[in-house]
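Survey of secondary and tertiary structure
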Amino acid sequence: MLTDRFLRQILDNLTTAVIMLDAELRVNYMNPAAEILLAVSGQRVSLQHFGELFNDAQAAVQSLESAIQNGNPFTKREAQLNLTNGHTLMVDYSVTPIGTQNTNWLLMELHPRDRLLRITKEEAQLSKQEVTKVLVRGLAHEIKNPLGGIRGAAQLLARELPEASLRDYTDVIIEEADRLRNLVDRMLGPYRPPNLQPLNIHEITERVFSLIEAETQGELTLRRDYDPSIPDIMADREQLIQALLNIVRNAMQAIAESGALRQGRITLRTRALRQFTIGQVRHRLVCRLEVIDNGPGIPAEIVESIFYPMVSGRAEGTGLGLSITQNIISQHQGLIECESTSGRTVFTLFLPLEPIPGD
């Protein structure tokens, strides 16, 4: 015979969000998965009316009241729930009435649609990233081999020239060959794997802010929205600074090119996420770092390919910064996403917060 305590333990360990409502539609129980999904504490909202959890929830409340009265289960597909913290969820939810001798209950199961869409999009992005890596490495090999031959031939030719003034031409060949080689090296990203050390994510953000502040001489508004409770992450300090600096500098340059640097604003926001999936791995705790700017936005026709090498939304851009950033974040087993509209662009970095050895 299963005890009540064991049944409660089963519900607490489900990955499906479960809410139990009484006949008055008050929250009687909410499992941890529901707390994470709705970003609330089950203890805090205990005995709170279901409609108070959301904005504009009248239609959902009417459906729940009907289920209590009629005893009929129902399912809603792609329902939009507006949380009181301003976030919006797209979910499928099922409601099952459960009758007892004393009262009626509603068992509510919520399945987030946006998470499924995000995972699908993420898998496609990771697949594209692997294809891009293979193409870039192959292209780099095909370019660097003849470049070495051209450079060597130019050096030999320079030795045979009768006049020193003629070496200006071979110098141009050598310099351009070196420039192209360096460009290919930058496309490939960092050579070495990350040197993982425990560090505070805000050490990275503050370093990047100080660099951008110096470049803009204080004309650009820089804002901080930090979660100080985030534990240390295992990361390569220099690589992570480079990755974040590429994003923030791109935002700064886009704002400057639009002629509105003094009206420009860049915000760095950090939060901790629980039970977050990156690729095929579910992480207990993840750091979410957002770079939010009020610049002109990324053109819609390139926003899906912005992480490809040589793709840039700026006339003066090389199109390598974001490709390098993605490569660095990928080596840290993380993920980077981008959403952009005119006046608001958000780059989101997800970095696993794994236990530090020895802790």
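Described below are features of the structure shown in this document. Fair warning: this is a prediction, and the values are worked out from it, not measured in the lab.

The next thing to look at is the overall build of the protein. Within the protein one finds 8 helices and 13 strands. The burial tally for the protein puts 42% of its 359 residues in the buried class. A fraction of 61% describes how many contacts in the protein between residues 6 or more apart in sequence connect residues 24 or more apart. As displayed, the protein offers around 20000 Å² of accessible surface, 50% of which is attributable to carbon and sulfur atoms.

Bringing the pattern of salt bridges into the picture now. One pass over the structure, following the stated rule, counts 13 salt bridges. Of the charged contacts in the structure, one is a salt bridge between E215 and R249, with a shortest N-O distance of 2.4 Å. Pair noted here: E215 is in helix α6 (residues 201-216) and R249 is in helix α7 (residues 237-257), with a separation of 34 residues, a long-range link. Accessibility expressed as a relative area gives 25% for R249, which makes it partly exposed. Notably, a salt bridge pairs R262 with E219, separated by 3.9 Å at the nearest N-O pair. Here E219 lies in the loop between α6 and β8 (221-225) and R262 lies in the loop between α7 and β10 (265-278), a separation of 43 residues in the sequence.

Next up on the list: the packing of aromatic side chains. Applying the stated criterion across every chain yields a total of 2 aromatic pairs. Centre to centre, the rings of F50 and F54 are 5.1 Å apart; their planes meet at 55°, and the pair counts as tilted. On the basis of relative accessibility, which here comes to 5%, the residue F54 falls in the buried class. Pairing F74 with Y93 gives two aromatic rings, centres 6.2 Å apart and planes at 75°, and the pair type is edge-to-face. Residue F74 is located in strand β4 (residues 74-83), and its partner Y93 is located in strand β5 (residues 88-99); the two are separated by 19 residues in the primary sequence.

Let's shift gears to the environment of Y29. Inspection of the secondary structure puts Y29 in strand β2 (residues 27-30). Setting aside residues up to four positions removed in sequence, Y29 forms contacts with R8, L11, D12, V18, I19 and M20.

At 3.6 residues per turn, the α-helix brings residues three or four places apart onto the same side. Taking 1.5 Å as the rise per residue, α7 with 21 residues should run 30 Å; its terminal C-alpha atoms sit 30 Å apart, in good agreement. Where α7 begins, the side chain of D236 points an oxygen toward the backbone nitrogen of E238, at a separation of 3.2 Å. Directly after α7, the chain includes G259, whose backbone phi takes a positive value near 80°.

Further remarks concern a nonpolar patch on the surface. Among the surface-exposed residues, F6, L7, I10 and L14 lie close enough to one another that they form a single nonpolar patch of about 310 Å² accessible area. By the element assignment, L14 lies in the loop between α1 (4-12) and β1 (17-21). Residue class for L14 comes out partly exposed when judged on its relative accessible area of 35%.

Glancing now at unusual backbone geometry. Despite not being glycine, A39 has its phi angle at roughly 55°, a positive value. Structurally, the position occupied by A39 is in the loop between α2 (32-38) and β3 (54-55).

We now examine the sheet that holds strand β13 (residues 344-352). Here we have 5 strands laid out as an open sheet, ordered β8-β10-β11-β13-β12, and mixed in their pairing. With one partner strand each, in any of the chains shown, β8 and β12 (335-341) form the two edges of the open sheet. Here the average twist between neighbouring strands, direction ignored, is 20°. In this fold α6 packs onto β8, β10, β11 (281-293) and β13, with an angle of close to 170° to the strand it touches most, β8. Along the sheet, α7 contacts β10, β11, β12 and β13; its crossing angle with β10, the most-contacted strand, is approximately 135°.

A few words now on the packing of α6 against α7. A pair of packed helices is captured by two measures, namely the crossing angle of their axes and the spacing between those axes. Where α6 meets α7, the axes come as close as 9 Å, and the angle between the chain directions of the two elements is 45°. Considered as vectors, α6 and α7 are oriented oblique to each other. In terms of crossing hand, the pair formed by α6 and α7 is right-handed. Packed against α6, whose contacting residues are I201, E203, I204, T205, R207, V208, L211, I212, E215 and T216, the element α7 presents R237, L240, I241, L244, L245, V248, R249 and M252 at the interface. The residue inventory of the contact of α6 with α7, partitioned by class, reads 11 nonpolar, 2 polar and 5 charged.

This paragraph deals with the nonpolar core. Core analysis: the biggest nonpolar cluster contains 41 residues, and I233 and I266 have the highest contact counts within it. Of all the secondary structure elements, the ones that give two or more residues to this core are α6, β9 (233-235), α7, β10, β11, α8 (321-331), β12 and β13. The dominant element in this core, judged by the number of residues it contributes, is α7, at 10 residues. Ignoring anything within four residues of it in the chain, the contact list for I266 reads F209, L220, T221, L222, R223, V248, A251, M252, I255, V291, I292 and D293. Counting 31 residues, the second-largest nonpolar core is a separate cluster that includes A17, L89, V91 and Y93.

One open sheet accounts for 6 strands, arranged β2-β1-β6-β5-β4-β3; its pairing is antiparallel. Single-partner strands in this sheet number two, and they are β2 and β3. Examined bridge by bridge, β1 and strand β6 (residues 104-112) share 5 bridges and lie antiparallel to one another. When the bridges of β6 are listed, L21 appears paired with L106. Against the sheet, helix α3 (residues 58-70) engages β1, β4, β5 and β6, with an angle of about 140° to β6.

Here is what the cut-offs are and how they apply
- Residues numbered from 1 in each chain as written.
- Predicted model: local features only at pLDDT ≥ 70, side-chain atom pairs only at ≥ 80, totals over all residues.
- Heavy atoms only, no water.
- Helix = DSSP H or I, 4+ residues; strand = E, 2+ residues; numbered from the N terminus.
- Buried < 20%, exposed > 50% of the residue type's maximum accessible area, 1.4 Å probe, protein only.
- Contact = heavy atoms within 4.5 Å.
- Areas by Shrake-Rupley, 256 points an atom, 1.4 Å probe, with all protein chains shown as cover.
- Salt bridge = Lys/Arg side-chain N within 4 Å of Asp/Glu carboxyl O.
- Phe/Tyr/Trp six-rings, centres within 6.5 Å; stacked < 30°, edge-to-face > 60°.
- Expected span 1.5 Å × (residues − 1).
- Polar contact = N/O pair within 3.5 Å; in protein donor to acceptor, adjacent residues only side chain to side chain.
- Patch = residues over 30% accessible without salt bridge, like charges linked within 9 Å, V, L, I, M, F, W, Y side chains within 5 Å.
- Pairing = 2+ DSSP bridges.
- Axes fitted to C-alpha atoms, helices over the stretch in contact; angles between N-to-C directions.
- Parallel < 35°, antiparallel > 145°, perpendicular 65-115°, else oblique.
- Left-handed = near helix turned anticlockwise from the far one by under 90°.
- Nonpolar A, V, L, I, M, F, W, Y, C, P; charged D, E, K, R; others polar.
- Core = buried A, V, L, I, M, F, W, Y, C linked by side-chain atoms within 4.5 Å.

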